[in-house]
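# Breakdown of the fold
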Amino acid sequence: MIYLWIKAFHIVAVISWMAALLYLPRLLVYHADAAPGSEKSETFKVMERRLLKAIANPAMGATWILGLILVYLTGAWSEGWFHGKFLLVFVLSGYHGWLSGQVKNFAADRNKKSARYFRIANEIPTLLMIGIVILVIVKPL
């Protein structure tokens, strides 16, 4: 029974993390078009910081902790699909770290990237999510 509870909370954490990783770059798209120091820019800074600190970071931590517990409980370490999933989740975590750096750049009014750049970057978590879901559900490896 504990396995099902851990799995349920892992899924909740993943959904929360993905929601944040899909929304945060959208905020950066709009923030990139705002003049530094403007009221609009300052509002985006607050929104980005809160999303990162209150949702994205805790959700990523919970996803990792609960996921590793699930791997321990199921013995998935030796499965090929898990290796692929682990790699994609590791890349997704790196993307999360990159977003954190971008939020810091915006907070210090140091952004040099265009809104188009962030629109393209916004597709990365979707592609990784598709790969992760396929590996977990279909287990092609």
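Rules used throughout
Residues numbered from 1 in each chain as written. Predicted model: local features only at pLDDT ≥ 70, side-chain atom pairs only at ≥ 80, totals over all residues. Heavy atoms only, no water. UniProt positions renumbered as here; feature names shortened; annotations may be inferred. Helix = DSSP H or I, 4+ residues; strand = E, 2+ residues; numbered from the N terminus. Buried < 20%, exposed > 50% of the residue type's maximum accessible area, 1.4 Å probe, protein only. Contact = heavy atoms within 4.5 Å. Salt bridge = Lys/Arg side-chain N within 4 Å of Asp/Glu carboxyl O.

### What to know about the UniProt feature "binding site: heme" (unreviewed entry) in the protein chain
Per the UniProt record, "binding site: heme" (unreviewed entry) is annotated on His10 and Lys85. Topologically, His10 is positioned in helix α1 (residues 2-32). Looking at His10, the relative accessible area reads 10%, which means it is buried. Leaving out residues up to four positions away in the same chain, His10 has contacts with Thr63, Leu66, Gly67, Leu70 and Lys85. Along the chain, Lys85 falls in helix α3 (residues 80-107). Beyond its immediate chain neighbours, meaning those up to four positions away, Lys85 contacts His10, Ile132, Leu135 and Val136.

### Quick word on the pattern of salt bridges
Under the counting rule described, the total for this entry stands at 2 salt bridges. Of the charged contacts in the structure, one is a salt bridge between Lys45 and Glu42, with a shortest N-O distance of 2.9 Å. You can see Lys45 and its partner Glu42 sitting in helix α2 (residues 39-74), 3 residues apart, about one turn around the helix. A residue is classified by how much of its surface remains accessible, and Lys45, at 11% relative accessible area, is buried. Glu42 gets classed as partly exposed once you look at its relative accessible area, which sits at 35%.

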